[in-house]
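Inside the fold
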Amino acid sequence: MPDLLIELLSEEIPARMQTRAAEDLKKRMTDALVEAGLTYAGAEAFSTPRRLTLAVHDLLAQSPDTREERKGPRADAPEKAIEGFLRGAGVARDALEERETPKGNVLFAVIEKKGRPAAEIVAETLETTIRNFPWPKSMRWGSGSLRWVRPLHSILCILSDEQGTTTVPLDIDGIEAGNVTRGHRFMGGAPFAVNGFDDYEAKLKRDHVILSPAERADHIAQDAQNLAFAAGLELVEDKGLLAEVAGLVEWPVVLMGEIGEDFLALPPEVLQTSMKEHQKFFSVRNPKTGRIERFITVANIETKDNGATILAGNQKVLAARLSDAKFFWENDLRVARAGMGEWLEKLENVTFERQLGTQAMRIARIARLARALAPVTGADPDMAEQAARVAKADLSSEMVYEFPELQGLMGRYYAEAAGFPVEVAQAAQDHYAPLGPSDDVPEGAVSRAVALADKLDTLTGFWAIDEKPTGSKDPFALRRAALGVIRIILAGNMRLKLDSFIDRHLTLHKLGLNRAKATTGEIDTLEEVIEEISEHGVFGAAFHAVLDRLKDRDGAPETGEGSLLRTVGDAVPDISTDLLAFFHDRLKVHLRDQGLRHDVIDACLELGGGDDLAMLVRRAEALGAFLKTEDGDNLLQGFKRANNILTQAEEKDGVEYSFGADVKFAETEEEKTLFAALDAATPRIEAAIKGENPTEALEALASLRAPIDAFFEAVQVNAENEVLRRNRLNLLSRIRATCLKIADLTKLQG
Amino acid sequence: MAPGIGKGANVTGVIAMSTETTKPKSFQEIILRLQAYWAAKGCAVMQPYDMEVGAGTFHPATTLRSLGSRPWAAAYVQPSRRPTDGRYGENPNRLQHYYQYQVLIKPSPPDLQDLYLGSLEAIGIDMDMHDIRFVEDDWESPTLGAWGLGWEVWCDGMEVSQFTYFQQVGGHDCAPVSGELTYGLERLAMYVLGIDHVMEMPYNDPQAPIALKYGDVFRQTEEEYSRWNFDVADTDMLFRHFEEAEAECRAILEHPASDPKTGKRIVMAHPAYDQCIKASHLFNLLDARGVISVTERQAYIGRVRTLAKLCADAFVQTEAGGYDVASAQVPA
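A brief report on the enclosed structure follows. (Residues numbered from 1 in each chain as written. Chains lettered and ligands numbered in written order. Predicted model: local features only at pLDDT ≥ 70, side-chain atom pairs only at ≥ 80, totals over all residues. Heavy atoms only, no water.)

If you look at the interface, chain B gives 39 residues, while chain A gives 41 residues. Among the residues of chain B in contact with chain A, M129, R133 and E136 of chain B are the three that bury the most area, contributing 18% of the side total. Applying the counting criterion to the chain B and chain A interface returns six salt bridges. Residue D114 of chain B is joined to R185 of chain A by a salt bridge in which the shortest nitrogen-to-oxygen separation is 4.0 Å. Across the chain B-chain A interface, the total number found is 18 residue pairs in polar contact (both at pLDDT 80 or more). For the side of chain B that touches chain A, the secondary structure elements donating two or more residues are α4 (112-122), β4 (132-136), β6 (146-155) and β7 (158-169) of chain B. Looking at the side of chain B that touches chain A, the element that brings in the most residues is β4 of chain B, giving five residues. Here the side of chain B that touches chain A is built from residues that sort into 19 nonpolar, ten polar and ten charged. (Contact = heavy atoms within 4.5 Å. Buried area = accessible area lost by both parts, 1.4 Å probe. Salt bridge = Lys/Arg side-chain N within 4 Å of Asp/Glu carboxyl O. Polar contact = N/O pair within 3.5 Å; in protein donor to acceptor, adjacent residues only side chain to side chain. Helix = DSSP H or I, 4+ residues; strand = E, 2+ residues; numbered from the N terminus. Nonpolar A, V, L, I, M, F, W, Y, C, P; charged D, E, K, R; others polar.)

Right, let's get into the packing of helix α18 (residues 520-536) of chain A against helix α20 (residues 564-593) of chain A. Residue and element names in this part refer to chain A. Packing of α18 against α20 leaves a shortest axis separation of 10 Å and a crossing angle of 30°. The angle between the axes of α18 and α20 places the two elements in the roughly parallel class. Here the hand of the crossing between α18 and α20 comes out right-handed. For the pair α18 and α20, contact is made by E522, T525 and L526 and by L564, L565 and V568, respectively. (Axes fitted to C-alpha atoms, helices over the stretch in contact; angles between N-to-C directions. Parallel < 35°, antiparallel > 145°, perpendicular 65-115°, else oblique. Left-handed = near helix turned anticlockwise from the far one by under 90°.)

A few words now on the pattern of salt bridges. This model, assessed by the stated rule, comprises 68 salt bridges over all chains. The partner of D138 of chain B in a salt bridge is K137 of chain A, and the shortest N-O contact between them spans 2.8 Å. Note that D138 of chain B is positioned in the loop between β4 and β5 (139-141) and K137 of chain A in the loop between α3 (118-131) and β7 (152-161), a pairing that runs across two chains. R728 of chain A is paired through a salt bridge with E667 of chain A; the nearest N and O atoms lie 3.3 Å apart. With R728 of chain A in helix α27 (residues 722-740) and E667 of chain A in the loop between α23 (630-653) and α24 (669-690), the pair connects residues that are 61 residues apart, well separated along the chain. Within the structure, one salt-bridge network assembled from shared partners comprises R67, E69, E97, R99 and E112 of chain A.

Residues and elements named next belong to chain A. Where helix α2 (residues 79-89) is concerned, the buried positions are I82, F85, L86 and A89. Seen end-on, α2 carries its buried residues on one side only, within an arc spanning 100°. Opposite the buried face of α2, by more than 90 degrees, sit the exposed residues K80, R87 and G88. The inward-facing, buried residues of α2 contact β4 (66-74) and β6 (104-113). (Buried < 20%, exposed > 50% of the residue type's maximum accessible area, 1.4 Å probe, protein only. Arc of directions from axis to C-beta.)

As for its position among the elements, T143 of chain B is in the loop between β5 and β6. In contact with T143 of chain B, other than residues within four places in its own chain, are F58, I301, V304, R305 and A308 of chain B.

The next point concerns a nonpolar patch on the surface. Residues and elements named next belong to chain B. Judged by side-chain polarity, I210, L212 and V217 come together as a nonpolar surface patch covering roughly 250 Å² of accessible area. Tracing the sequence through the fold places I210 in the loop between α5 (185-193) and α6 (214-232). The class of I210 is exposed, set by a relative accessible area of 63%. (Patch = residues over 30% accessible without salt bridge, like charges linked within 9 Å, V, L, I, M, F, W, Y side chains within 5 Å. Areas by Shrake-Rupley, 256 points an atom, 1.4 Å probe, with all protein chains shown as cover.)

What follows concerns the sheet that holds strand β8 (residues 164-167) of chain A. All names here are of chain A. Ordered by their spatial adjacency, five strands build an open sheet running β2-β3-β1-β7-β8, and the pairing between neighbours is antiparallel. Single-partner strands in this sheet number two, and they are β2 (42-47) and β8. Neighbour to neighbour, the strand axes of the sheet diverge by 15° on average, direction disregarded. In this fold helix α1 (residues 15-35) packs onto β1 (3-10), β2 and β3 (51-57), with an angle of close to 150° to the strand it touches most, β2. (Pairing = 2+ DSSP bridges.)

For the rest of this paragraph, the subject is the pairing of β7 of chain B. Two faces belong to every sheet, and in a regular strand the side chains alternate between them. All names here are of chain B. The buried fraction of β7 amounts to ten of the twelve residues, a majority that puts the element mostly inside the structure. Relative to β7, β6 runs antiparallel, the two sharing nine bridges. Across the sheet, G150 pairs through a bridge with T164, a residue of β7. Linkage of β6 to β7, two consecutive antiparallel strands, is achieved through a turn of two residues, within which D156 is found at a positive phi near 50°. Here β7 pairs with strand β9 (residues 179-184) via five bridges, running antiparallel. When the bridges of β9 are listed, S161 appears paired with Y183. The turn linking β7 back onto strand β8 (residues 172-173) is made up of two residues, and G170 within it adopts a positive phi angle of 55°.

So, in structure tokens, the structure goes:
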């Protein structure tokens, strides 16, 4: 059975696309070959900066013959019907067979297809694959219309077996497939022919091309580690960079160079970022001091001077880059040491979002909220406010302008230089966190207050202007922000009424959005509402309390239909509810990832208290664990049974059985036991709930399992005797009410 | 097709003929070698455009000529102005006025990469001693409504050129596709000549009776323009000129194709495009003065892009843009 070798040689393929492209080539080709009847034993794909290669082993030499029989219309069917059948089957009239069947004489078409040689199928398949290749971005070149990632120069496509090698005949827009390729752009010789994969790989290596990306990466990692080690240093590992660099060279030559003495005082992150982003250099660290002292670059060529010229050039470029970085760092330090005032002033002219105002306005809001949140996270309010005021100052710095990814980190350095307390500096670095599901939650109380305030300001702001995420669109990363809030609250087991803070801050946003057209009286009123929300818990109560007071005041602002205050008053509760529901959705996703079912959370949410996320999660976790026990599962079945019987009876009778079950009407022992059990469990459950101990509440509930099971085993609820029946239904109602104290078990599936 | 461009061009032969591999001695020698090289490869060596532009791409020989079906091959030096990059002549490699070398060939020849590498050899970069890399860098000009795919070319880690296959210009698909090469001349020359500060670079032959350095020619102008760009330029006037250029560009294009005086069909794509270039440079000046906010920025860029698109629309209605006078239509 022949082996197939395909190589698509082009101008340089972007490093980030190579791996995926090799996989796509393999998948698309092998799928299509199998579809056409050509099975194979194995396939491997490779990529270099200039080529995609696919090797398929033990391919069928030709696709198998096929025979298909199709039943058509009766022989005496109208001519039209027969013609239609002929068209569909693709056979001629005289090729049809007439066969006797119980339904009379019926026409049959026998379609026999001869197998086709592999070369023919490969040619078709490869052409389709090339023409429809899923490049993230593709282009045309010259006068042609073919699209490829960069101009495609040659196609090598051969089938080889014991008899020899044949070139698959194929011509795509003037590029004719052959058995020839070429080696390294600079170190390679003339084009050469190959007769199979082993020959191909060996000849490439001889001509200075390592075909396998993994082999190139290994080679780079090995040499880099060895060079660093030999100098008594260590390589700073960077898998992403390694993969990228392996995609930039066909023949990796690893070189280590010096970083000028002048630059060693720069923060290591700045060195590392500058070298990686601009030059794709690896950093080499002194393990004793933690300083980055050298760099490693990977060239694509061996030279007579062993890379000396190349290294000198790279060093020079690096020096120019680092002089820029050093210039930024020193300028920035000057501003930082002067208290960063200049940067904060600049932020007054930087728009955050058109409606939500400037960065300075945003910072003022965050500072206010951070102060309010400080008691929740255990931070000093003054310090939380101060931290929020300077946390984003680095956005004006030259370093962050140059390297946006260093925001926060530079903030920490600069806040330290400005002489702020260490907690404040740390908050500058940490307040963006967590940036994703796997990013760490900030540790310090000040950091957490600022981080929460930052995210809540963003969320309430975009909710206030109705820019919510839709479908796959979430340009302001609001889902991430909400998850961040959730993770910080849970990590700190923070007890807070989230909706109270949402209401407060939404009102502040509404105030900001309307400030231009609001009267002084209206502004003062909304300010009053904001301050009172913490007392009243939610917006509605605070709003009404303030409006009540206003009535008696002279020159009180308009509060009637269509007035600004009324409009805001109507809008805030709805937006707040909607945002809290968004938090609950994100919470469900988060907990689902941790193995907690969404219906369990729904069951807990039904009971209210959804604004206290930490408690909500504790309840949900306890319930989730309970349901996994035998008691829990059985109790749930018992509850459902009670609830079903009760609901049916209530529907039938048109009354609600909710009161008055009396033990004196209990006829059986099982009933009496159940009464006793409920009497014992109810106060326990109530106390546990009050004491915020959901596990204890569920344990108390579990004590009902046996009595409930026994009750249903022994007792007929719908008794003939109407008094007995009513009493039993009322007893079921007690079961239901007791269970529902803990969670809405009707929401649970299964 | 011009001789030498496209299939079969013998890169090494030309280099041997022109320069051997001797190192150039001055900034101007590098320019002269590039001119000679691309002339030998069949390009029309053109002169800089006589207006202020931000990059060689703005020269109509690139922007407009990359449109339409007619073959084209041009190479030229273009003085380029980037007001925000001014550093009063003090920064070793940042200038508010610098030179680009620009090559545009349509359709892009299959051996464009080899031709390009040949040009590096021509200016004294020995391919056996240096590490040349093509690193992904897709080009987009929001002001020109243009984009293409290609690379930045690295020599020993330094970006020495931009290499782009134009896909769209002024909102029009490029068919055929042009290949564009842009060399940042100062940076490239500093590298080849081994100079650390641009102002120290020999401008002419250091052995010449009156040897001039780059700083002798440009230090003073860098200072003067830096001051003017950043602090002095009259922003009210610049805003007004921007509006005027925009209005004139539109007005020019609103004239019917048929000229009442000569009776000829004269679509005034180039005069209109001049106004578009003007608007673009005025925007850059305003940007350097720091009077354009982040949100306004996008709006201004959008306005220039609209002009560029209108000019592109007009150019494809001209003969150079592929308009067929005989059949009076743009070929499909």
